[in-house]
Amino acid sequence: MHLIVAEKNISARRIAEILSEGKRISENKDAGVSTYSYGDTTTVGLRGHVVEIDFEPGYSNWRSEEATPRHLIDAKTIKIPTEKKIVSLLQKLSRKADRVTIATDFDTEGELIGKEAYELVRAVNPKVTIDRARFSAITSQELRHAFSHTTDLDFALAAAGEARQSIDLMWGASLTRFISLAARRGGQNILSVGRVQTPTLSMIVDREKEIEAFVPEKYWQLSLDFEKKGEVIEARHTNGRFHEKAVAEQARERTKAPLVVKDVKFGVKQDRAPSPFDTTTYIVAAARLGLSAANAMRIAEDLYMNGFISYPRTDNTVYPPSLDLDGILKTLRNSPFKKDVEWVMANRRAVPTRGKKSSTDHPPIHPTGGATREQLGDDAFKVYELVLRRFLATLAPDATWKTLKLLFDANGEEYTTTGGQLTEPGWHTVYPFSEARETLLPEFTTGEQLPIKKVTLDEKETQPPARYTQSKLIQRMEELGLGTKSTRHEVIAKLVSRKYVEGAPLRPTLVGRVVTESLEQHADAITKPVMTQTLESHMQLIKQSQRTREDVIKESREMLHHAFDQLEANQQVIGDDIRDRTAEEMNLGKCPVCGGTLAIKHLRGNTQFIGCSRYPECSFNIGLPMAQWGFAVRTDEVCDKHQLNYVRLVRKGARPWDIGCPLCHHISSNQESLAEIPGMTAELADTLRSRHIYTVAEITRSTPETLAKKLGMDIVKAEQLIRDAGTVLEKLRRRSECRKFIRDHLIPRKGRSYAKIMSSLRESGISEMADLAKADPSVLKKAGISDVESEQVVNEAKIVFNTHILREIGIPAVSLKKYIAAGIVEPEAFCTQPPLTLSELTGMSLATVQRHVEKVCEYLKKPVPKKFSKLQIERGKKELLALSGLGAKAVETMLTAGVIDTGALLAADAKKLAAGTGIPEQKIRDYQKLIQKKKDNAIIQL
């Protein structure tokens, strides 16, 4: 068997589809992991790294006196499987293989993932042939070439990846543990420090300090408006900025009509077509479309996996000679951009543009297949179009501009203006992302005199440096050698998830700034890029076999020990500094009830809320979603109405959830439920808010006397308001139970959020578990729920809802499990099925079942079935078996149908009994005749 190992499941499937050349592909699943087989070939996808490095056992206790943070620098590491099912399947398949091809992405990370797979294969099949397929696009041409020209794994490249793993682990773990312990922070509140992360954060903090320290300087600009052929044109003073107001005013006073044309200069300017995309320039361009760096890379990777663009992690800006540009253009004619493609083919430049960076691993990012908006969705199609048009622009001719520069004289004061006309649009024809803005001016002749309509003197100020956008920060990281093309966007995402930076453009949070400044004061080498630059350059040497992995790791250890010399000497100072300065990071402002301080509180587990500093004297609080939906942090924005800082929920791998002003959100989210209280008016709602009563629950917790006093109403009305609120609160509880059930049983997808599902269900009259349990599954389809999911949801809802009712009736939890396992879910079943049947199905004693049946039937106000003892049933069974022709199997069937003796059989409706037991109706009538005959004979004998 030929086993192909891909980096992800999607690429495994794509590889199989392409290489099978029309052969039937069978998909098999083993413990939930898919494989794709055709002929004698099987492809399997990993999930990126399926093993990870970690420290040897003994280092998990952060407070250990033996395994201190410094000890982590020299701690030995081991490899641990993180995806055990995939590892198990890979090794199972490897035992049967006579050839294994590694087909992971071709970069440092991909080579390391490939080496991990190599080692797992070798562990179970030491002699199998293992080769490597390298490709830059998952297309038919690329894959066929890669698999017909396989090579060996690049162990030097993988060693560079291993070195990075080890170095990042020792730096991140030791420094994070040290700083967090010093500041007494734990759980989700730890303070993360990293080799690349911390210098990057330091740049953002330094920029913020520059902005704060910036002192604006005033300057003045002088301009005038003149008219030519009915068109008003602006000209600016050639002096540019005047730094003294008096000098600017003197120039304005001297500016007198007429405005004389002093010089007319014509020119031609070549506007060079852009160079191909590498990862950084792609991220910068995608940012102009409104995409974050992480989102831009996620979309690009999806497009690559599906064969629409080439590999998006590249430092190359020069198309290699081997890249079939003609073939790509022909392929792209089958896209919505056919006209643009054909225009480029007809007007193609002799040589494609090229950037300054050239590498041999991957070509620049380019399109590899045709796609439509319907196939991809809006965001992915937006990225696809950007990549496609950039590719076309690199093959399009340069643009040409006709330029015009005019110099004027106004009584000795010189003014100038410029114009530009696009005479040959060139690459702008196919690349609208770079705007070509023309300024068309009428014709002028030297000596021409023009009237001045207005002279304007503007006072302005110099501006501070701009904050970093994500794309600009990535550019700066690249310039400084921080991180790699594959990791820079991930570093920024980590800074956001760690609550160190926020906003767009990026600005440091209080905690991000405090950690950075404390490290700068006491271990500045960690915050500067020099050590990271050095290690990055040396890891590049590992790739070229000029340094060894062990050598560079040893060098890293020495650097880190030097940093710890500084840190440990200042541990107390660092801890106190961070604690003192971050105490206010959770404070939001004044409590509206008592004037105390409202602050975000994080408890153990996932609980978080906003509470008052004067608790228990003041119990005012605002609930927050559980921390699994995002860790609550304060932002710098303040509510104009309540003067409270805004709150944001931050979760790794997800966009931040901006709650905004917590009190505004609290009022808004409870407005609808308050409106459900009978007799609630706008005036009463306003009065409640003015008395700081925002929720239905707060009304129910009030005493009639307190509520009447607060609201200025009589006690009878207050009592009624509390009762009505209690009714609404119970209804809200039931709705909340339904919402939680939906969240637990359905996975949100694009266009199908939980909010949309619940909204659609409410429109269909489903807001509580009772409604859901009785719903027709077809109704759920309107909410975007599939047929299979609808059936499952309704069935599960029935179980949950009916279980709740049965518990209320008094059926013990242990017994409930047995009933549900036997398929006895609805309470009505207790009154429609004979107790003996329920006993047989559940394995519980008849007496126990009869007690349960009695409770349920009384609750439902239905007749309670007659009780029978075990002895009565045994006697009845003997009576039935004594009837000629009635066998044991038929007797058991009758017993479970409630026919426990001959008397019951005689009284039974033959037709119904036949239908319930499967015994022919005539046979039942024969038995009844036989019983009646015996009964008659017995009477005669008496």
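Residues numbered from 1 in each chain as written. Predicted model: local features only at pLDDT ≥ 70, side-chain atom pairs only at ≥ 80, totals over all residues. Heavy atoms only, no water.

Visitor: I'm lost on the overall build of the protein chain in this one. Help?
Guide: For the protein chain, the count of helices and strands is 38 helices and 24 strands. Over its C-alpha atoms the protein chain spans a radius of gyration of 39 Å, topping by over 25% the 30 Å that the globule rule assigns to 942 residues. The principal-axis extents of the C-alpha atoms in the protein chain amount to approximately 145 × 90 × 70 Å. Burial statistics for the protein chain: of 942 residues in total, 47% are counted as buried. Accessible surface, the protein chain: about 47000 Å² in total, of which carbon and sulfur atoms supply 49%. Counting 138 positive and 123 negative side-chain charges, the protein chain places the centres of these two groups 5 Å from one another. (Helix = DSSP H or I, 4+ residues; strand = E, 2+ residues; numbered from the N terminus. Rg over C-alpha atoms; globule rule 2.2 N^0.38 Å. Buried < 20%, exposed > 50% of the residue type's maximum accessible area, 1.4 Å probe, protein only. Areas by Shrake-Rupley, 256 points an atom, 1.4 Å probe, with all protein chains shown as cover. Lys, Arg positive; Asp, Glu negative; His and termini not counted. Charge placed at Lys NZ, Arg CZ, Asp CG, Glu CD.)

Visitor: Looking at this structure, I do not really get the packing of helix H3 (residues 84-96) against helix H4 (residues 108-124). What am I missing?
Guide: Taken N-terminus to C-terminus, the directions of H3 and H4 make an angle of 55°; their axes are 9 Å apart at the nearest point. Compared by their axis directions, H3 and H4 come out oblique. Crossing geometry of H3 relative to H4 is assigned as right-handed. Contacts between H3 and H4 pair Val87, Leu90, Gln91, Ser94 and Arg95 from the former with Ala117, Leu120, Val121, Ala123 and Val124 from the latter. (Axes fitted to C-alpha atoms, helices over the stretch in contact; angles between N-to-C directions. Parallel < 35°, antiparallel > 145°, perpendicular 65-115°, else oblique. Left-handed = near helix turned anticlockwise from the far one by under 90°. Contact = heavy atoms within 4.5 Å.)

Visitor: Got a minute to help me understand the state of the cysteines in this structure?
Guide: Here a disulfide denotes one covalent bond, and it connects the sulfur atoms of two cysteines. Evaluation of the coordinates by the stated rule reveals one disulfide. Paired through a disulfide, Cys831 and Cys857 show a sulfur-sulfur distance of 2.4 Å. Disulfide Cys831 to Cys857: torsion about the S-S bond roughly -135°, handedness left-handed. Pair noted here: Cys831 is in helix H31 (residues 829-832) and Cys857 is in helix H33 (residues 846-859), with a separation of 26 residues, a long-range link. Residues Cys831 and Cys857 agree in their burial class; the two are buried. No disulfide involves Cys618; its sulfur sits 3.6 Å from that of Cys594, the nearest cysteine. (Disulfide = S-S within 2.5 Å.)

Visitor: Mind showing me how you'd approach a nonpolar patch on the surface here?
Guide: Judged by side-chain polarity, Met626, Trp629 and Trp657 come together as a nonpolar surface patch covering roughly 290 Å² of accessible area. Summarising the element assignment, Trp629 is placed in the loop between strand E21 (621-623) and strand E22 (631-638). The class of Trp629 is partly exposed, set by a relative accessible area of 31%. (Patch = residues over 30% accessible without salt bridge, like charges linked within 9 Å, V, L, I, M, F, W, Y side chains within 5 Å. Salt bridge = Lys/Arg side-chain N within 4 Å of Asp/Glu carboxyl O.)

Visitor: Looking at this structure, how should I read the nonpolar core?
Guide: For soluble globular proteins, the rule of thumb is that nonpolar side chains tend to be buried together. In terms of nonpolar packing, the biggest core is built from 114 residues, with Tyr282, Tyr384 and Leu567 touching the most fellow members. Of the residues forming this core, the biggest block, 11 residues, is contributed by helix H14 (residues 378-395). Residues within four places of Tyr384 in sequence aside, it is in contact with Leu303, Phe308, Ile309, Leu332, Ser335, Phe337, Pro367, Gly369, Gly370, Ala371 and Leu376. With 37 residues, the next largest nonpolar core counts Tyr754, Ala829, Val853 and Cys857 among its residues. (Core = buried A, V, L, I, M, F, W, Y, C linked by side-chain atoms within 4.5 Å.)

Visitor: Would you mind going over the sheet that holds strand E19 (residues 597-602) with me for this structure?
Guide: Within a sheet, adjacent strands bond to each other through the backbone by hydrogen bonds, running parallel or antiparallel. Spatial ordering of the open sheet is given by E18-E19-E20-E21, a layout of four strands whose pairing is antiparallel. What marks the edges here is a single partner per strand, and that holds for strand E18 (587-590) and E21. Averaged over all adjacent pairs, the angle separating strand axes in this sheet is 25°, with direction ignored. Sheet topology places E18 next to E19; three bridges connect them, and they run antiparallel. Paired with Lys590 across the two strands is Thr597, which belongs to E19. (Pairing = 2+ DSSP bridges.)

Visitor: Would you take a moment to explain the side chain of Glu385 for this structure?
Guide: With respect to the element layout, Glu385 can be found in helix H14. A residue is classified by how much of its surface remains accessible, and Glu385, at 18% relative accessible area, is buried. Non-local contacts of Glu385, meaning those with residues more than four positions away in its chain, are made with Phe337 and Phe433.

Visitor: Quick question: what am I supposed to make of the packing of aromatic side chains here?
Guide: Two aromatic rings, taken as a pair, are described by how far apart their centres are and by the angle between their planes. Going through the model one piece at a time under the given rule, you end up with 16 aromatic pairs. With a centroid separation of 6.1 Å and 45° between ring planes, the pair formed by Trp427 and Tyr431 is classed as tilted. By relative accessible area, Trp427 is classed as buried at 4%. Looking at Tyr431, the relative accessible area reads 4%, which means it is buried. (Phe/Tyr/Trp six-rings, centres within 6.5 Å; stacked < 30°, edge-to-face > 60°.)

Visitor: Honestly, H14 in this entry has me stumped. Any pointers?
Guide: Across its 18 residues, H14 extends 26 Å between first and last C-alpha, which sits within 8% of the 26 Å expected from 1.5 Å per residue. Counting buried residues in H14 gives 15 out of 18 residues, a clear majority hidden from the surface. (Expected span 1.5 Å × (residues − 1).)

Visitor: How should the side chain of Arg634 be read in this particular structure?
Guide: Locating Arg634 in the fold gives a position in strand E22. At 3.0 Å, the side chain of Arg634 and the backbone oxygen of Asn587 are in polar contact. Excluding its chain neighbours within four sequence positions, the residues that come into contact with Arg634 are Glu502, Leu510, Glu584, Glu585, Asn587, Leu588, Ile600, Asn645 and Tyr646. (Polar contact = N/O pair within 3.5 Å; in protein donor to acceptor, adjacent residues only side chain to side chain.)

Visitor: I tried to follow helix H7 (residues 197-213) on my own but got confused; where do I start?
Guide: In this model, H7 (17 residues) spans 24 Å end to end at C-alpha, consistent with the 24 Å of a helix rising 1.5 Å per residue. Among the 17 residues of H7, 12 are classified as buried, and the element is accordingly described as predominantly covered. Within the sequence span of H7, burial applies to Gln197, Thr198, Pro199, Thr200, Leu201, Ser202, Met203, Ile204, Val205, Arg207, Glu208 and Ile211.

Visitor: I keep staring at the pattern of salt bridges and nothing clicks. Help me out?
Guide: Oppositely charged side chains are able to pair whenever their charged atoms sit close together. Counted by the stated rule, this structure contains 64 salt bridges. Measuring nitrogen to oxygen at the nearest pair gives 2.6 Å for the salt bridge that ties Arg513 to Glu212. With Arg513 in helix H17 (residues 510-522) and Glu212 in helix H7, this residue pair connects regions lying 301 residues apart in the sequence. What emerges from the salt-bridge pattern is a single network uniting Lys209, Glu212, Arg513, Glu517, Glu520, Asp577 and Arg581.

Visitor: Got a minute to help me understand the pairing of strand E7 (residues 99-103) in this structure?
Guide: A regular strand places its side chains so that they alternate between the two faces of the sheet. Burial analysis of E7 places four of its five residues in the buried class, the great majority of the element. Note that strand E1 (residues 2-6) and E7 share five bridges and pair parallel. Note that in E7 the partner of His2 across the bridge is Arg99. Across four bridges, the pairing between E7 and strand E8 (residues 129-132) is parallel. Bridged to Val100 within E8 is Ile130. For the segment spanning E7, H4 and E8, crossover handedness is right-handed. (Right-handed = clockwise from strand over helix to strand, strands pointing away.)

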